[in-house]
Amino acid sequence: MFETLSDRLGNIFKGLTGRGALSEADVQAALREVRRALLEADVSLEVVRAFTQQVGERAVGAEVTKSVTPGQQVVKIVHDELVRVLGEEAEPISLNATPPVTTMMVGLQGAGKTTTTAKIARRFKERQNKKVLMASLDTKRPAAMEQLKVLGEQVGVDTLEIMPGQSPVEITKRAMKEGKLGGYDVLFLDTAGRTHIDEEMMQESADVKAVADPHEVLLVADALTGQDAVNLARSFENRLDVTGIVLTRVDGDGRGGAALSMRAATGKPIKLLGTGEKIDAIEEFHPGRVADRILGMGDIVSLVEKAAETVTADEAAKMAKKLKKGQFDLEDLKKQLLQMKKMGGMNSLMGLMPGMGQMKKAMAGANIDEKIFDRQVAIIDSMTQKERAKPELLNASRRKRIAAGSGTEVSEVNKLMKQHRQMADMMKKMSKGKGGMAGAMASLMGGKMPGGMGGMPDPSQMDPAQLERMAREMGIDPAALPAPDAAPQKELPKDVNQLIKSGGTSPSLPGLGAPRFPGLPGLGGLPGKKK
């Protein structure tokens, strides 16, 4: 999500940050491009006008013209205004009410209300240990009630018994009674949708709301709605007094205009984002983090949270002990591969890392297969316990056997072993207090990434010849790499670094440390010096 907008804004700001001074004409020209970029991202016209007006008033003032780095100040102003438009703070779903806390899900048909209901219910059950009941009020769509029942069984959440012939209001009354008698903490009412907004649907939803008196009314909207997002949000807001918005299918939208439009037009917060079809593919909406991603600053906080969700305290403690001894066997590598897969794969993680935007685009252009994780795990699973503990036992005949058992080629086994050797060597260095996240990346890249072991490298600062050489060694067409900017790009100002609270020079991930996430496996076959 936001990839198109991020690319456009990045190109616009390159022309500003490389200059030593900015005139009012320069700023106005950049704002015209920002306005065009927002419109192309399907942000509504009225929101675009308000946004550019606010940025323009600040960008032509003394705050920029008297600044030592005027271009970077403009970037900061745009960042601040993006945060203001998206909402100053994250606002999760509120449960501050007498149980069962009723949440009503509304929206058009096909937006994903039923699936989203199950996702949120699972989230409450697993993260907050709440007892949740779901009830389908959709008497129009065939098998809608059965769909919610099946989803409830998948996530381990109770659903209201289906009784044919009841109206939505009658089902609501029965659900509320069951919620109280059953001692449930949260009750979700999944209302019916239509292919377009009509009076019958609105009246039905209004009748349900009058009976249920829900604590939250969540509008579930498709992120691909486009320019019509404002009309949709206002229609539901006027009739049902929506308390929050849930955007679905954000993984399939590179523009993100609906998010900017709906929040600005209604003033109601975006609470959650549906990031995929899987039942766990939902995350909280954090305006500041989204603004960071749009402007290419990465999202270290989300990266740390993803890592923390996939690593238990016991696993982290065991890994820390092994690291202190400089030990790293193939069983440890397998755990790292599975962890990487759970966290969304290499492309997902590089999108959250500051300064890695160019490398992510190059990897996408080269069509690097994310299924490499599965193949590498299969290779390790084909080894005996003794072979995993002592990789030096793997001679040519054993490697042939492992390749046959895992359905891979011997060359793939050799690449994995080379990758393991690089990581094992890196672990020894880390056990002596050297390296960190950047060290892990440098080791896996065969030492080809500049910036040393102590800082996250910025590909935009690399010599073109280095970028081209590294791309060829990774199997990436150098033509897929974006052309470097003619003017050297300066560092972001200190106040922006404070905003993202991580910067690009941290030796390891804050709040996580090297022991929890010691390497980035899955890039099998990346070049490095032979050990």
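Note that the coordinates shown come from a computational prediction; the quantities given were computed from them, not determined experimentally. What you see as residue numbers is a count from 1 along each chain, following the sequence as written. Reporting in this predicted model follows two pLDDT cut-offs: at least 70 for local features of residues, and 80 or more for side-chain atom pairs to be given and counted; totals over whole chains, interfaces and linings ignore these cut-offs and use all residues. Derived side-chain values reflect all non-hydrogen atoms in the structure, with water molecules and hydrogen atoms excluded from consideration.

(A) Looking closely at the overall build of the protein chain. The helix count covers DSSP runs of H or I at least four residues long, the strand count covers runs of E at least two residues long, and both are numbered beginning at the N terminus. A count of helices and strands for the protein chain gives 25 helices and eight strands. Relative accessibility under 20% of the residue-type maximum defines a buried residue, over 50% an exposed one, and the middle range a partly exposed one, all with a 1.4 Å probe and only protein chains included. For the protein chain, buried positions account for 50% of its 531 residues. In this analysis, two residues are considered to be in contact whenever any of their non-hydrogen atoms come within 4.5 Å of each other. Pairs at least 24 residues apart make up 75% of the contacts formed inside the protein chain by residues separated by at least 6 positions. Every accessible area reported is derived by Shrake-Rupley at a probe size of 1.4 Å, with residue values counting cover from the shown protein chains alone. Here the protein chain has roughly 24000 Å² of accessible surface; of this, 49% comes from carbon and sulfur atoms.

(B) Representation of the pattern of salt bridges in the model. The working definition used for a salt bridge is a side-chain nitrogen of Lys or Arg within 4 Å of a carboxyl oxygen of Asp or Glu. Summed over all chains, the structure comprises 21 salt bridges. In this structure, Glu 33 engages Arg 36 in a salt bridge whose closest nitrogen and oxygen atoms are separated by 3.4 Å. Residue Glu 33 and its partner Arg 36 are both found in helix H2 (residues 24-40); the two are separated by three residues, about one turn of the helix. Accessibility expressed as a relative area gives 45% for Arg 36, which makes it partly exposed. A salt bridge links Asp 222 to Arg 249; its shortest N-O distance comes to 2.6 Å. Here the residue Asp 222 occupies a position in strand E5 (residues 216-222), and Arg 249 occupies one in the loop between strand E6 (244-248) and helix H11 (257-266), the gap between them amounting to 27 residues. In this structure Asp 222 comes out as buried when scored by relative accessible area, which is 14%. On the accessibility criterion, Arg 249 (42% relative accessible area) is partly exposed.

(C) Highlighting the pairing of E5. Across the seven residues of E5, seven count as buried, placing the element largely inside the fold. Two strands make a pair as long as DSSP finds a minimum of two bridges between them. Examined bridge by bridge, strand E1 (residues 101-106) and E5 share four bridges and lie parallel to one another. The residue of E5 that forms the bridge with Met 104 is Val 217. The pairing of E5 with E6 spans five bridges and is parallel. When the bridges of E6 are listed, Asp 222 appears paired with Thr 248. Crossover connection from E5 via helix H10 (residues 229-240) to parallel E6: handedness right-handed. Clockwise travel from the first strand over the helix to the second, with the strands pointing away from the viewer, marks a crossover as right-handed.

(D) Fine view of the packing of helix H5 (residues 70-86) against helix H12 (residues 287-294). Axis definition: a line fit to C-alpha positions, over the contact stretch in the case of helices; interaxial angles, taken between N-to-C directions, run 0 to 180 degrees. Relative to each other, H5 and H12 sit at 135°, their axes nearing to 9 Å. Taken together, the axes of H5 and H12 are oblique relative to one another. The hand of the H5/H12 crossing is right-handed. Contacts from His 79, Leu 82, Val 83 and Leu 86 of H5 reach H12 at Pro 287, Gly 288, Val 290, Ala 291, Asp 292 and Ile 294. Every angle not falling under 35 degrees, over 145, or within 65 to 115 is termed oblique; those three ranges are roughly parallel, roughly antiparallel and roughly perpendicular. Helix crossings get a hand from a simple test, with the near helix turned counterclockwise from the far one by less than a right angle marking a left-handed crossing and a clockwise turn marking a right-handed one.

(E) Highlighting the environment of Arg 141. If you trace the backbone, Arg 141 turns up in the loop between strand E2 (132-136) and helix H7 (144-155). Taking the relative accessible area as the measure of exposure, Arg 141 reaches 26% and is therefore partly exposed.

(F) Representation of helix H8 (residues 168-181). Given the number of residues in a helix, its expected span is that number minus one, multiplied by 1.5 Å. Spanning 14 residues, H8 covers 20 Å between terminal C-alpha atoms, matching the ideal 20 Å at 1.5 Å per step. Within the sequence span of H8, burial applies to Pro 168, Ile 171, Thr 172, Arg 174, Ala 175, Met 176 and Gly 179. Where H8 is buried, its residues contact E2, H7, strand E4 (186-190) and helix H9 (199-212). Positive phi appears at Gly 183, one or two residues downstream of H8, with a value of about 70°.

(G) Summary view of the packing of H2 against helix H3 (residues 45-59). The interhelical angle for the contact between H2 and H3, taken along N-to-C directions, is 155°, at an axis separation of 10 Å. It follows that H2 is roughly antiparallel to H3 by the angle criterion. In the packing of H2 onto H3, the handedness of the crossing is right-handed. Between H2 and H3, the residues in contact are Val 27, Leu 31, Val 34, Arg 35, Leu 38 and Leu 39 and Leu 45, Val 48, Phe 51, Thr 52, Val 55, Gly 56 and Ala 59, respectively. By the convention adopted, Pro, Cys, Tyr, Trp, Phe, Met, Ile, Leu, Val and Ala count as nonpolar, Lys, Arg, Asp and Glu as charged, and the other residues, Gly among them, as polar. When grouped by side-chain class, the residues that make up the contact of H2 with H3 number ten nonpolar, two polar and one charged.

(H) Layout of the sheet that holds E2. The eight strands are arranged E3-E2-E4-E1-E5-E6-E7-E8 in an open sheet whose pairing can be described as mixed. For this open sheet the edge positions go to strand E3 (158-159) and strand E8 (282-284), each flanked by a neighbour on one side alone. Pairing between E6 and strand E7 (residues 270-274): three bridges, direction parallel. Each residue of the ladder has a partner; that of Leu 247, found in E7, is Leu 273. The strands that H10 touches are E1 and E5; relative to E5, the one it contacts most, it runs at about 160°. Running at roughly 170° to E6, H11 makes contact with E5, E6 and E7 of the sheet.

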